[in-house]
Structures are given as structure tokens and as C-alpha cells.
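Read off the chains here:
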Amino acid sequence: HTSLHRLGTDHLDILLLHDVEFVPLPQVWEETVPAVLKAKEQGKAKYIGFTGHRSPEAHKRMLERTDVLQTCQMPINVLDPSFNSFITGVLPTLVERNMGVLAMKTLSNGAFFKAQRARGNKPATGPVIPDRISVEQALHFVWSLPVSVLISGPDTVDQLKENIAIARRFTAMSEDDRLALIEKTAYLADDRVEYYKA
């Protein structure tokens with residue numbers, strides 16, 4: 001009620017349970033999910049869903065336990081299929097259930113632009129962008145998947161303008177083109193670039 005009042009509205013377009021991995025799961029299912037479902041039934045939220053960026057397994061547990069949520073926000077990017085993958089582990093279920101798919105971390109929260117230090121048996125590498133792929137390829141990769149929205153999170157007006165221009169030029173990538181990008185970047189896929197994963 002306080003949030004609605006502060007926002008000057010009587011409802012939200014979407015109400016998301018954020019980062020469910022850190023809430024004890026019985027509490028999510030017994031208290032939190034019923035509370036957001038009640039908010040939807042009362043007209044305080046048009047849609048309800050959940051988010052997370054660490055573990056596809058946590059997303060799978062949510063989807064196994066409840067079918068009342070309508071959207072899911074998760075990392076979707078070109079490195080994801082090669083490391084602890086939400087694309088291969090969660091996306092098919094979301095599509096099967098006709099849920100809204102909110103793609104985040106499409107540029108790994110900026111880590112695609114940073115060189116990675118050597119660690120263990122992993123050698124030092126240059127950044128994903130521009131050394132291996134372009135921003136346009138990275139965004140087109142995600143838009144070519146069955147996502148409802150790509151949350152790009154630009155830091156500057158120039159980045160926003162670039163994303164809009166890239167969106168206007170968008171044409172869907174073939175599966176072969178997507179697989180070629182995955183193969184080209186797979187050696188970079190680990191928790192140095194996708195540091196937010198478990």
C-alpha cells in the first residue's frame with residue numbers, strides 16, 4: 001500500500017518476487033506467493049512473476065512448485081548456454097507454459113566490456129565486446145530467442161540511443177548463427193564474466 005501511494009497509482013503493471021534464491025523456499029511458497037496472488041486478485045498488480053540471476057536450479061524449483069506466476073526474469077546472453085545455463089535449463093519450461101520471459105544481464109551487467117584476469121586454469125582474456133562479438137550481435141542473439149522483453153539497462157543516453165538504433169536494425173538470427181556465436185565465446189563462459197551466477 002505504501003509503494004502504491006508513493007507511486008501515485010492504484011496498481012502496478014507487474015509485481016515481481018525478486019531474487020528468490022535468497023528467501024527460504026517454504027516461506028516463498030507458503031507466504032509470499034499467496035500474498036502476490038492476492039494483490040493480483042485485488043487488482044493491485046496486473047501480472048505477477050519472479051526473478052533471479054544466480055541459479056537455474058532455484059528457478060526450476062519455483063516452476064515445479066507453483067503455476068500461478070506469469071513472468072520470469074533471468075540472465076539471457078550469449079555466454080549463458082556454456083555456463084550454468086538459464087537458456088537451456090529454464091527457458092523451455094517458460095515457453096511451454098506461455099509465461100512472459102524478461103531477459104536481463106544481456107551484456108553481463110557490463111562485464112562483456114571488461115578484460116578478465118587469469119584464474120586457476122583459465123587464461124587471461126580480452127573483453128567479450130569488442131574482441132569476440134559486437135554489441136549488436138549480443139543483443140540480436142537475445143532478441144532471436146523467445147523473450148518477451150530485453151532489459152538492457154543503459155548507463156548513458158548514448159548507450160540508450162545505440163540500443164534503439166540496434167533494435168531498429170534487428171533481424172532474427174538463425175539457429176546456426178546463434179550456435180556459431182555461442183561456440184565463438186564459450187571459452188569465456190565462467191563466473192568471472194557471469195559473476196552473478198552461483
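Structural data are supplied above this passage.
No experiment lies behind these values; they were computed from the predicted model shown.

Caption draft 1: Broad picture of the side chain of Lys 105. Here Lys 105 is to be found in the loop between strand S4 (100–104) and helix H6 (135–143). Here Lys 105 is buried and forms no salt bridge, its nearest opposite-charge partner Asp 19 lying at an N-O distance of 8.4 Å. Dropping the residues within four chain positions of it, Lys 105 is found in contact with His 53, Pro 75, Ile 76, Asn 77 and Tyr 196.

Caption draft 2: Seen up close, the packing of aromatic side chains. Tallied over the full model, the rule gives two aromatic pairs. Here the aromatic rings of Tyr 195 and Tyr 196 are separated by 5.2 Å at their centres, their planes lie at 75°, and the arrangement is edge-to-face. Residue classification places Tyr 195 among the partly exposed residues on the basis of a relative accessible area of 41%. Overall, the relative accessible area of 3% leaves Tyr 196 in the buried class. Sitting above the plane of the Tyr 196 ring, Lys 105 keeps its charged end 5.3 Å from the centroid.

Caption draft 3: Structural context of the sheet that holds strand S2 (residues 45–51). Read across the open sheet, the five strands follow the order S1-S2-S3-S4-S5; overall the sheet is parallel. Every other strand in the sheet has two partners, leaving strand S1 (12–17) and strand S5 (149–150) as the edge strands with one partner each. The sheet strands contacting helix H3 (residues 56–65) are S1, S2 and strand S3 (71–75), and the helix crosses S2 at an angle near 135°.

Caption draft 4: View of unusual backbone geometry. Note the cis peptide between Ile 129 and Pro 130, where omega equals 10°. Examined against the element boundaries, Pro 130 turns out to sit in the loop between S4 and H6. One non-glycine residue, Asn 84, lies in the positive phi region at around 45°. Looking at where Asn 84 falls in the secondary structure, it is placed in the loop between S3 and helix H4 (86–89). A positive phi is found at Asn 98, a non-glycine position, where the angle reads about 60°. By secondary structure assignment, the location of Asn 98 is in the loop between helix H5 (91–96) and S4.

Definitions and limits used
Residues numbered from 1 in each chain as written. Predicted model: local features only at pLDDT ≥ 70, side-chain atom pairs only at ≥ 80, totals over all residues. Heavy atoms only, no water. Helix = DSSP H or I, 4+ residues; strand = E, 2+ residues; numbered from the N terminus. Buried < 20%, exposed > 50% of the residue type's maximum accessible area, 1.4 Å probe, protein only. Lys, Arg positive; Asp, Glu negative; His and termini not counted. Salt bridge = Lys/Arg side-chain N within 4 Å of Asp/Glu carboxyl O. Contact = heavy atoms within 4.5 Å. Phe/Tyr/Trp six-rings, centres within 6.5 Å; stacked < 30°, edge-to-face > 60°. Lys NZ or Arg CZ within 6 Å of the ring centre and 35° of its normal. Pairing = 2+ DSSP bridges. Axes fitted to C-alpha atoms, helices over the stretch in contact; angles between N-to-C directions.

So yeah, pure geometry; function would need other evidence.
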